[in-house]
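Topology and contacts: notes
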Amino acid sequence: MKKTITGVVVLLAAALIGLKYFAAKNQVGTPQPATQPQAEQQGVALPPGSTSYMPISSMPTYTPSQGSGNYEMIALPPAALDLKGACEGGSPKDIIENHGKTWGYFTGRRNAFDPPKTQDLYNHIWDYYACTAASRQDSTICSELPGEPVKDAVKFGVPRYESIEAGSKNGLPMSPMDQCRSKTVVFLFKAYAAGKAKDQRNCLDYVSDLDPEAQSMFTNPAEFCAAVGQGPDKGDAYLKQKMPKAYPIAEKMMAMSEKVCGSDAACLANHALWLGITSGNPAKCPDAYKPNCAALAQKSPGPCASILADMSKKYCGYYKDLVKHGGGYAGATPEEVKASLEAAAAKKKEEERLRKQEEAATKQINEKVRKLMGKKGGE
């Protein structure tokens, strides 16, 4: 029986993965000298068509084990690229175009943002994808992101697996796809259990993401998901019948009732998320999940724009500091800076030569005029 309880703890511990975001959300040719960002624009407008999305029924049900994206070609959905920025040069489109130059894992010797600031921007991108996944009730969207963790994970502060659910992955850095799924899969499982996400694959996806040992506890995942899909009471009844000794632990892990939490802060935050999802009121969700809850309730990625608005504001501030402390050569390598300085010096030298040449010509003309005027006066 001890093994059974342990297995259920392993199974349901995934419900607490997303809680990491509650605390982490607030953390954080020849180039020409960069210009200072302009005054901030008010708001981030959502363009026409940005709320359109593929019907759930036509979406793929298979989630690949590796992301299909890569770091070098990281992107955002087209609608996101049309959003305004908090400053000139700070729109989502501008930020993506400057990936690998002013910020990113692979900026090399360029004059770029430091690792914590770079990671902060990546975190916003993962969050945006997770929010979009909530609006479409489809975690496979996360697979558009890179599926391999960055090599210098410690240097950049990439989140690591720190849960029972991670199993053998504990301590290893998470890939962008993993970070997105860690916030999405459990969220959509809760939405499914609350009757807000009808597709059973949201439950099956949750089970498939568990450690193999936890998965082995299910002789029939579809049966479990069918029970959960009939509502919390049916889900409770299923767990009580199949694993009665472990039910008290499961009850607290799922945090469907405030009573079971007591003073456990993590459990209470998890309960707040459950309330926000079940009520359809994003205001009840923890701050880190408010956009996701709103996107789920509205079935639209519109609320996700707030994540990109915050990313833009952060980028503008980081860029301003980079320009201030980098001599204006944001995103440039030392060689590029040297070439730019040499070009500027050559241009200045040429301008000085032309100036002196013009002064000499003007002087000659003036002398000729004086001589001519002197002859006329003596006649």
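Every chain is numbered independently, its residues counted from 1 as its sequence is written. With pLDDT at 70 or above as the cut-off, local features in this predicted model cover only qualifying residues; side-chain atom pairs require 80 or more to be listed or tallied, and sums for whole chains, interfaces and linings still use all residues. Side-chain measures here rest on the full set of heavy atoms in the structure, leaving out hydrogens and waters.

With respect to the state of the cysteines
Note on terminology: pairs of cysteine sulfur atoms within 2.5 Å are recorded as disulfides. Here the structure, examined in full by the defined rule, presents 6 disulfides. Paired by a disulfide, C131 and C304 hold their sulfur atoms 2.1 Å apart. Disulfide C131-C304: torsion about the S-S bond near -85 degrees, hence left-handed. Placement of the pair is C131 in helix α5 (residues 115–136) and C304 in the loop between α14 (290–298) and α15 (305–325), with a sequence separation of 173 residues. By sequence order of its bonded cysteines, the chain has the disulfide arrangement 1-12, 2-11, 3-4, 5-6, 7-8, 9-10. Segments assigned H or I by DSSP are reported as helices when at least four residues long, segments assigned E as strands when at least two residues long, and all are numbered from the N terminus.

Here's the deal with the packing of aromatic side chains
Given two aromatic rings, their pairing is described by the distance between the two centres and the angle made by the two planes. Pairing of aromatic rings covers Phe, Tyr and the six-membered ring of Trp, with a centre-to-centre limit of 6.5 Å; geometry is then stacked below 30 degrees between planes, edge-to-face above 60, and tilted otherwise. Enumeration according to the criterion identifies 13 aromatic pairs in this entry. Here Y105 and Y122 contribute two aromatic rings whose centre-to-centre distance is 4.2 Å and whose plane-to-plane angle is 35 degrees, an arrangement assigned as tilted. A residue pair is termed long-range when its members are at least 10 positions apart, and Y105 in the loop between α4 (92–97) and α5 and Y122 in helix α5 qualify at 17 residues. With respect to burial, Y105 and Y122 carry one shared label: buried. Each residue in the set Y71, W103, Y105, F106, Y122 and W126 is aromatic and connected to the rest through ring pairs, giving one cluster. The buried label applies to any residue whose accessible area, calculated with a 1.4 Å probe on protein chains only, is under 20% of its type's maximum; exposed applies above 50%, and partly exposed to all values in between.

Examining the confidence of the model for the chain
Here the chain averages 76 in pLDDT, and 68% of its residues register 70 or above. For every residue, the predictor reports its confidence as pLDDT, a number between 0 and 100. Pairs of residues are marked as contacts when any of their non-hydrogen atoms sit within 4.5 Å. Low confidence marks residues 1–30, where pLDDT is under 50. Its contacts with residues over four positions away, or in another chain, come to 72 contacts. Across residues 38–64 the pLDDT falls below 50, and counting only partners more than four positions away or on other chains, this stretch makes 49 contacts in the model.

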